[in-house]
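Per-entry structural report
Listed below, chain by chain, are the residues.
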Amino acid sequence: MDIVFDILLILHLVALGVGATTAIGMPIVMARMGGATPEGKQILGGIARRFGINSRIAVAVLVVTGVLMVAVRYGGVEAFNSWFWVKMALVALIVIAMVISVVAPRGSVNPAILSWVTRLSLLGIVIAAVFAFN
Ligand code: HEM
């Protein structure tokens, strides 16, 4: 089962890379939106949409591979310390921020707040993951 776990961990970390790229790239794109020409806005909007899709796929892959890794290697969550639960709470926060960004009517939520919640949660998840599993 070790090879299965290894493949899942590779997918997990690749998805983390995709998610982190979005977390860094999206604010840069959005910051340039304000002063852009209509044509520029269209191009930047396309990039932002692509980032949005990428991040949703990344989070889905992280959750699915994470759950499978727990099942394959640990057979359940009993053995984990509290850092694992810190990580899970922050994962839930990212998922909630993502759902809000999709369902909230335009202009009702400040995207900068969602962006900061996501970025800080991602940083917290990486720190919590290191303490949870090492
Ligand atoms: C945004 C979502 C997530 C991020 C950014 C993330 C990040 C990470 C990182 C950086 C590692 C490597 C840690 C290390 O080996 O030191 C890792 C490993 C792991 N993660 Fe996640 N993770 C996420 C979601 C999840 C979820 C939802 C679960 C389980 C329900 C999970 C379970 C695991 C497991 C089992 C490992 C491997 C532990 C080992 O090496 O024995 N992750 N994750």
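Just so you know, these numbers come straight off a predicted model, no measurement behind them. (Residues numbered from 1 in each chain as written. Predicted model: local features only at pLDDT ≥ 70, side-chain atom pairs only at ≥ 80, totals over all residues.)

1. Let's talk about the overall build of the protein
Counting secondary structure elements, the protein contains four helices and zero strands. Its helices and strands in sequence order give the protein the pattern α-α-α-α, from N to C terminus. Its C-alpha atoms put the protein at 55 × 25 × 25 Å along the principal axes. When burial is assessed residue by residue, the protein has 16% of its 134 residues classed as buried. Counting contacts in the protein only where the partners sit at least 6 residues apart, residues at least 24 apart contribute 79% of the total. (Helix = DSSP H or I, 4+ residues; strand = E, 2+ residues; numbered from the N terminus. Buried ≥ 20, exposed ≤ 12 C-beta atoms within 10 Å, placed from the backbone. Contact = placed C-beta atoms within 7 Å.)

2. A closer look at the packing of helix α1 (residues 2-33) against helix α4 (residues 111-133)
In contact at an axis separation of 10 Å, α1 and α4 are set at 150 degrees when each is read in the N-to-C sense. One finds that α1 runs roughly antiparallel with respect to α4. Seen along the crossing, α1 lies across α4 with a hand that is left-handed. Only P111, S115, T118, R119 and L122 of α4 make contact with α1, whose side of the interface consists of G19, A20, A23, M26, P27 and M30. Residues of the contact of α1 with α4, tallied by class, amount to seven nonpolar, three polar and one charged. (Axes fitted to C-alpha atoms, helices over the stretch in contact; angles between N-to-C directions. Parallel < 35°, antiparallel > 145°, perpendicular 65-115°, else oblique. Left-handed = near helix turned anticlockwise from the far one by under 90°. Nonpolar A, V, L, I, M, F, W, Y, C, P; charged D, E, K, R; others polar.)

3. Examining the nonpolar core
Counting 14 residues, the largest nonpolar core has L90, I94 and I125 as the members making the most contacts within it. For L90, the residues in contact, after removing those within four places along its chain, are S121, G124, I125 and A128. (Core = buried A, V, L, I, M, F, W, Y, C linked by C-beta atoms within 7 Å.)

4. Observations regarding the environment of R106
For R106, the position within the fold is in the loop between α3 (82-103) and α4. A count of 6 C-beta atoms within 10 Å places R106 in the exposed class. For R106 and A129, which are 23 residues apart along the polypeptide, the C-alpha to C-alpha distance reads 34 Å.

5. Considering the site of the ligand
What surrounds the ligand is a group of 20 residues, the closest being L62, G66, M69, A129 and F133. Among the secondary structure elements, those contributing two or more residues to the shell around the ligand are α1, α2 (38-74), α3 and α4. Considering only residue class, the shell around the ligand consists of 16 nonpolar, three polar and one charged. (Near = placed C-beta within 6 Å.)

6. Things to note about α2
For α2, spanning 37 residues, the distance from its first C-alpha to its last is 53 Å, which sits close to the expected 54 Å at 1.5 Å a residue. Of all the positions in α2, only F51, S55, A58, V59, L62 and T65 are classed as buried. For α2, the elements touching its buried residues are α1 and α3. Backbone geometry just after α2 places G75 at a positive phi near 65 degrees. (Expected span 1.5 Å × (residues − 1).)

7. Looking at the packing of α3 against α4
Running from N to C, α3 and α4 point in directions that differ by 160 degrees, and their axes come no closer than 8 Å. As summarised for this structure, α3 and α4 are arranged roughly antiparallel, according to the angle between their axes. As α3 packs across α4, the resulting crossing turns out to be left-handed. Residues W83, F84, V86, K87, L90, V91, L93, I94, A97, I100 and S101 of α3 touch α4, and the partners they reach there are L114, V117, T118, S121, L122, G124, I125, A128, A129, F131 and A132.

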